[in-house]
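The residues making up each chain are set out below.
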Amino acid sequence: MTGLVLTGAGNVELTRRILSDLLTLPDVARDLRIVLHDIDPERLATAEALARSLNAETGAGALIEAHGERRRALEHADYVVCQLSVGDYETTLRDFEIPHRYGVHQTIADTIGIGGIFRGLRTIPVLVDLARDMTDVCPDAWLLSYTDPLVMTLWAVREATGLRKVAGLCHAVRETHAALADLVGREASEIDFLTAGITHQAFVLRFDADGRSLYPELAEAVAAHPRLDRHVRTELWRHLGYYPTESSEHAAEYVPWFLRHDAEIARLGLPIGEEIGRDAQNLHLYEEIRRGLAANRPMLTRWQDPEIASEVITALITGEERQTNLTVANEGLIPQLPADCFVEVPAVIDARGITPIPVENYPPQLAALNRSYLSVAELTVRAALEQSVDHVLHAAILDPNTAATLPLPEITSLCREMLDAHRDLLPWTAQSLSAGPGHGTTSTKDAK
């Protein structure tokens, strides 16, 4: 049988979408063993009830299991889909409320910024432990991760474990292609796209149809709708030459030009604290699914396009070739970016595996912008793997939005307060930041 493990299966809306896809494909479902794992017993029970409901509704006949113990769940896995979150709603509130007191505005804070750094710090050890278990229990399985911050976590996994069959999944490129196609009045399938960069900061490098660029048509569409002209994405496209894939609210966090300025926040309609509302909505969706299961309502859901994990797994199993953007180890795919980081590029998926497509002529201004985030990502990886609180500070002082907002002494104070607030999930941070120049980098690894 084909072994599929969903870890973080208590993220039931994503579990529902993945299984709705796979269980309606007879060639895939009839030989599928689905194993659900989550550290929250209640959410795991909900995910199991959902999977059994979908299995019955589709008549797929897949084997369903649920395990709270991760290594047992990983036994005989061929594909491990990671969709977990470390911490709870209160953890997210701390990521926003503490920086807000210092005047640091954030919108999503799951990948960059003070919130993104601390999400990375508490998530990297969990992903690394998962990858280590995989190298022991299912060394030939694919790790397919939705877990943000993708670049940080996958970079740490590769460095700490050497796991090579790993790819990150994000919806932003697909959604951007659909939105751009709609703006110029075409179907996405009619357009020749080439999109690359890093997760949450990739750019549409080629936007062509009928042998010509559609960017002039996009400019006309934006000019005809003044609201579209007041977007961070439009500002970045205007100044950098290529349309970004990430939403305006999230793209603003990666750069120093917007969230520091109240006038820009108002002009561009940036929703401060957006992620808090999204987390509350996710809690609502979870309760809706629980009520639906209790009432024996149908759970099958179908989207216009398959969920990315479903698409990748189906192509790997059946050999039917698909192409989509994935986050993979760079290793020269984008030569202008560090070889050991992770980049988002198009990839061909078939029975041979995942084959990323190199993007050699990446524009230098985009590479320069990407490197500003990659510096923060690398220092966060270093902080987590070396257990160095000083590298936490180094990541924060190089973060574009934080650096644009606060002087160095206040960034240091903010980091101290965040370290204290997250100590339950980061026990190694009980050490203190170095007192000043000449003290070197404090590391519990070095102290042992």
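Residues numbered from 1 in each chain as written. Predicted model: local features only at pLDDT ≥ 70, side-chain atom pairs only at ≥ 80, totals over all residues. Heavy atoms only, no water.

Caption draft 1: Summary view of the overall build of the chain. When its secondary structure is counted, the chain shows 20 helices and 13 strands. The C-alpha radius of gyration computed for the chain amounts to 22 Å, which stays within 12% of the reference 22 Å derived for 448 residues, consistent with globular compactness. Counting only C-alpha atoms, the chain reaches 60 × 60 × 45 Å along its principal axes. Among the 448 residues that make up the chain, the fraction classed as buried is 57%. A sequence separation of at least 24 residues applies to 71% of the contacts in the chain between residues at least 6 apart. If you sum the accessible surface of the chain, you get close to 18,200 Å²; carbon and sulfur atoms cover 49% of it. With 40 positive and 64 negative side-chain charges, the chain shows a spacing of 2 Å between the two charge centroids. (Helix = DSSP H or I, 4+ residues; strand = E, 2+ residues; numbered from the N terminus. Rg over C-alpha atoms; globule rule 2.2 N^0.38 Å. Buried < 20%, exposed > 50% of the residue type's maximum accessible area, 1.4 Å probe, protein only. Contact = heavy atoms within 4.5 Å. Areas by Shrake-Rupley, 256 points an atom, 1.4 Å probe, with all protein chains shown as cover. Lys, Arg positive; Asp, Glu negative; His and termini not counted. Charge placed at Lys NZ, Arg CZ, Asp CG, Glu CD.)

Caption draft 2: Representation of helix α7 (residues 150-161) in the model. For α7, with 12 residues, the first-to-last C-alpha span of 16 Å sits near the 16 Å given by 1.5 Å per residue. Counting buried positions along α7 yields 9 of 12 residues, so the element is predominantly enclosed. If you check which residues of α7 are buried, you get L150, V151, M152, T153, L154, W155, A156, V157 and R158. G162 sits one or two positions beyond α7 and adopts a positive phi of about 75°. (Expected span 1.5 Å × (residues − 1).)

Caption draft 3: Representation of the confidence of the model for the chain within the structure. On average, residues of the chain score 95 in pLDDT, and 96% of them reach the 70 mark or higher. Here residues 437-441 is modelled with pLDDT under 50, and outside its nearest four sequence neighbours on either side it reaches 8 contacts, counting other chains as well. (pLDDT = per-residue confidence, 0-100.)

Caption draft 4: Representation of the side chain of E246. By the secondary structure assignment, E246 is in the loop between β10 (243-244) and α12 (248-251). In this structure, E246 is buried with no salt-bridge partner, the nearest side chain bearing the opposite charge being R278 at 6.2 Å. Side-chain polar atoms of E246 contact the side chain of S247, separated by 3.4 Å. In this view, E246 contacts A172, H200, R233 and A251; residues no more than four positions away in its chain are not counted. (Salt bridge = Lys/Arg side-chain N within 4 Å of Asp/Glu carboxyl O. Polar contact = N/O pair within 3.5 Å; in protein donor to acceptor, adjacent residues only side chain to side chain.)

Caption draft 5: Broad picture of the side chain of Q201. You can see Q201 is positioned in strand β8 (residues 201-209). Only 2.8 Å separates the side chain of Q201 from the side chain of N370, close enough to count as a polar contact. When near neighbours in sequence (up to four residues on either side) are disregarded, Q201 contacts Y254, Y362, L369, N370 and Y373.

Caption draft 6: Layout of the nonpolar core. Grouped together as the largest cluster of nonpolar side chains are 132 residues, with contacts concentrated most on L4, L326 and I354. Ranked by the residues each element gives to this core, the list is headed by helix α16 (residues 364-386), at 12 residues. (Core = buried A, V, L, I, M, F, W, Y, C linked by side-chain atoms within 4.5 Å.)

Caption draft 7: Helix α5 (residues 89-101), seen in detail. Here α5 contains 13 residues, and its C-alpha end-to-end distance of 19 Å stays within 8% of the 18 Å for a straight helix at 1.5 Å per residue. For α5, the complete set of buried residues consists of T91, T92, L93, D95, F96, I98 and P99. Regarding α5, its N-cap is D88, as a side-chain oxygen of that residue lies 3.1 Å from the backbone nitrogen of E90 further along.

Caption draft 8: Representation of the environment of E249 in the model. Along the chain, the position of E249 falls in helix α12. By relative accessible area, E249 is classed as buried at 18%. The sequence separation of E249 and T107 amounts to 142 residues, and the corresponding C-alpha distance is 6.1 Å. For E249, the side chain forms a polar contact with the side chain of R278, separated by 2.9 Å.

Caption draft 9: Quick peek at empty space enclosed by the protein. Tallied over the full model, the rule gives 1 cavity of 30 Å³ or more. Every residue along the wall of the largest cavity is listed here: H200, Q201, A202, F203, L236, P244, T245, E246, A251, Y254 and L369. If you tally residues by element for the lining of the largest cavity, the top one is β8, at 3 residues. Considered class by class, the residues forming the lining of the largest cavity number 7 nonpolar, 3 polar and 1 charged. (1 Å grid on protein atoms, 1.4 Å probe; cavity = no way out; pocket = protein on both sides within 12 Å on 5 of 7 lines; lining within 4 Å. Points joined across faces, edges and corners; volume = space filled by probe spheres on them. Nonpolar A, V, L, I, M, F, W, Y, C, P; charged D, E, K, R; others polar.)

Caption draft 10: Seen up close, the pattern of salt bridges. By the definition in use, this model includes 33 salt bridges. R16 is the partner of E13 in a salt bridge, and the nearest nitrogen-oxygen pair spans 3.7 Å. A residue pair is termed a helical-turn pair when its members lie 3 or 4 positions apart in one helix, as E13 and R16 do in helix α1 (residues 12-22) at 3 residues. An identical accessibility class is assigned to E13 and R16; each is buried. For R132, the salt bridge identified is with D129, shortest N-O distance 3.9 Å.

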